[in-house]
Amino acid sequence: MPIDIEFIINLKTRERSAGVMDLRNMISQTPTGKQLSEYQLNLLSKNNIETLFDFHETTEKKLHELLAIPKESVLEIKKELADLWLRQSQAEGPPAVEYGTGMEELDKLLDSVDQPFKSGRIWELCGHPGTGKTLFMYTLALNFVWKHSQQVLFIDTKSDFSCKRIQDLLLARNWDAATCERVMRAIHVVQAPTDTVLIDVLKTLDEQLTAQVDGALKTKLVVIDSLVPCYVHYRGDEMFKVRQALLTELACRIRRLAARGLASVIGNVSFPSEDKDDCMDDGEDDGNSDEKTARHKDGPMFGAYWASVCTLRMSLELPTGSDGEETSDRLGEATSSSCDDGLRLVNVLSNTYGPAGDSCLLRITEAGVV
């Protein structure tokens, strides 16, 4: 699995300046790594794998053969070490800057669950197709640029970013021409139709931050809309391990940006799932589903493995009617249905810093989500 080069460079720099990191101690603090024996840990030293940098630079195949553990366990240890390193980096880094989403009811909800929108946060927004996730992303980007005069990197994986839609939102807000032009210029859109391009975009941003490029230093928010087009084709048991490795690499890069103080908001798709942590499907009919089976609780794509990356996971849903049924049962019909009044329910599905389960109502308007 390729590893974030800037992540590695930063590790190496820190190790040289602060002395060699105690790899054994770091591994012992991870859930999977603490299962390694003294003999296995000694093998690392004997093979000149003595630092966190060395461990991440070593291939999964070599570690698998050296430690005689499954490759999945090697990936887990690398992921857990990256998590641990991120927590330590954030503790040592600059104080977080609170931004706010510009959506009043949502900000109240986030404050109540100790998850205000601030630098270093990694959010995921899940929902059925057509519920308004992209419009939510547009609104968040506009609000962010207007309020903080910082840049947003908007990564379009669906190749459907609409400049006209942005312009319509600006016109509905009655902002003056100078403000509209400033906002449009500050939202940098990049298309990333594949996982490789997505990784390269994040890598380039990280390299520019390291090189102190002015434009990159002004970028404080990364929006990815959405993950599904890049990873949905990795389906089935044989491709599961590949997808895990690729998502782990993506997680390392996003966490690296978070350690630098960037916030990230990532779109994802929800679909009916019997087990929300076993989201191997892409929501399409493979011929194995029973249409007569009762509808199960929705689960976001990629399940628990990807969920651990995000500090906050939310869902954007159609509110239920008095009979407990959604106002529109057909996916994709939400925004075009004549019965749709624009109301959306935001649910907190998981939360690293506080409680989950709370919710608030938002509304889709001509000026965006409010």
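Scoring rules and cut-offs
Residues numbered from 1 in each chain as written. Predicted model: local features only at pLDDT ≥ 70, side-chain atom pairs only at ≥ 80, totals over all residues. Heavy atoms only, no water. UniProt positions renumbered as here; feature names shortened; annotations may be inferred. Helix = DSSP H or I, 4+ residues; strand = E, 2+ residues; numbered from the N terminus. Buried < 20%, exposed > 50% of the residue type's maximum accessible area, 1.4 Å probe, protein only. Contact = heavy atoms within 4.5 Å. Areas by Shrake-Rupley, 256 points an atom, 1.4 Å probe, with all protein chains shown as cover. Disulfide = S-S within 2.5 Å. Expected span 1.5 Å × (residues − 1). Salt bridge = Lys/Arg side-chain N within 4 Å of Asp/Glu carboxyl O. Core = buried A, V, L, I, M, F, W, Y, C linked by side-chain atoms within 4.5 Å.

Per an unreviewed UniProt entry, the chain goes by the name DNA repair protein RAD51 homolog 4 and belongs to Drosophila kikkawai. On record in UniProt, under Subcellular location (unreviewed entry), the comment for the chain is "Nucleus".

A. Structural detail: the overall build of the chain. Broken down by element type, the chain carries 15 helices and 10 strands. Looking at the chain as a whole, 50% of its 370 residues are labelled buried. Contacts spanning at least 24 positions in sequence make up 74% of the contacts within the chain whose residues lie at least 6 apart. As displayed, the chain has an accessible area near 17,300 Å², and 50% of this comes from carbon and sulfur atoms.

B. Spatial organisation of the state of the cysteines. Scanning the model with the defined rule gives zero disulfides in all. With no disulfide of its own, Cys310 lies 7.6 Å from the sulfur of Cys126, the closest cysteine sulfur. Judged by its relative accessible area of 4%, Cys310 falls in the buried class.

C. Examining helix α14 (residues 236–259) more closely. Between the first and last C-alpha of α14 there are 33 Å, a value that for 24 residues agrees with the 34 Å anticipated at 1.5 Å per step. Two residues or fewer after α14 comes Gly261, characterised by a positive phi angle close to 105°.

D. Geometry of the pattern of salt bridges. Per the counting criterion, the structure on display carries 14 salt bridges. We note a salt bridge from Glu181 to Arg185, for which the minimum N-O separation is 3.2 Å. Placement of the pair is Glu181 and Arg185 together in helix α10 (residues 177–186), with a separation of four residues, close to one helical turn. Across the salt bridge formed by Lys218 and Asp214, the nearest N and O atoms sit 3.4 Å from each other. Each of Glu104, Glu105 and Lys108 takes part in salt bridges that share partners, so that together they form one network.

E. Molecular detail of the nonpolar core. With 39 residues, the main nonpolar core has Leu106, Phe117, Phe136, Leu221, Met314, Val346 and Leu362 as its most contacted residues. Discounting chain neighbours no more than four positions away, the residues touching Met314 are Leu106, Leu110, Trp123, Glu124, Leu125, Cys126, Phe136, Val346, Asn347 and Leu349. In this structure, Leu205, Leu209, Leu227 and Val228 belong to the second largest nonpolar core, which totals 33 residues.

F. Broad picture of unusual backbone geometry. A cis amide bond, omega -5°, links Asp225 with the succeeding residue Ser226. When you line up the elements, Ser226 lands in the loop between β4 (219–225) and α13 (228–231). At Ser149, a position not held by glycine, the phi torsion is positive, near 55°. Note on placement: Ser149 falls in the loop between α8 (133–148) and β2 (151–156). Its identity as a non-glycine residue notwithstanding, Ser159 has a phi of 55°, on the positive side. By secondary structure assignment, the location of Ser159 is in the loop between β2 and α9 (163–172). Owing to a relative accessible area of 42%, Ser159 belongs among the partly exposed residues under this scheme.

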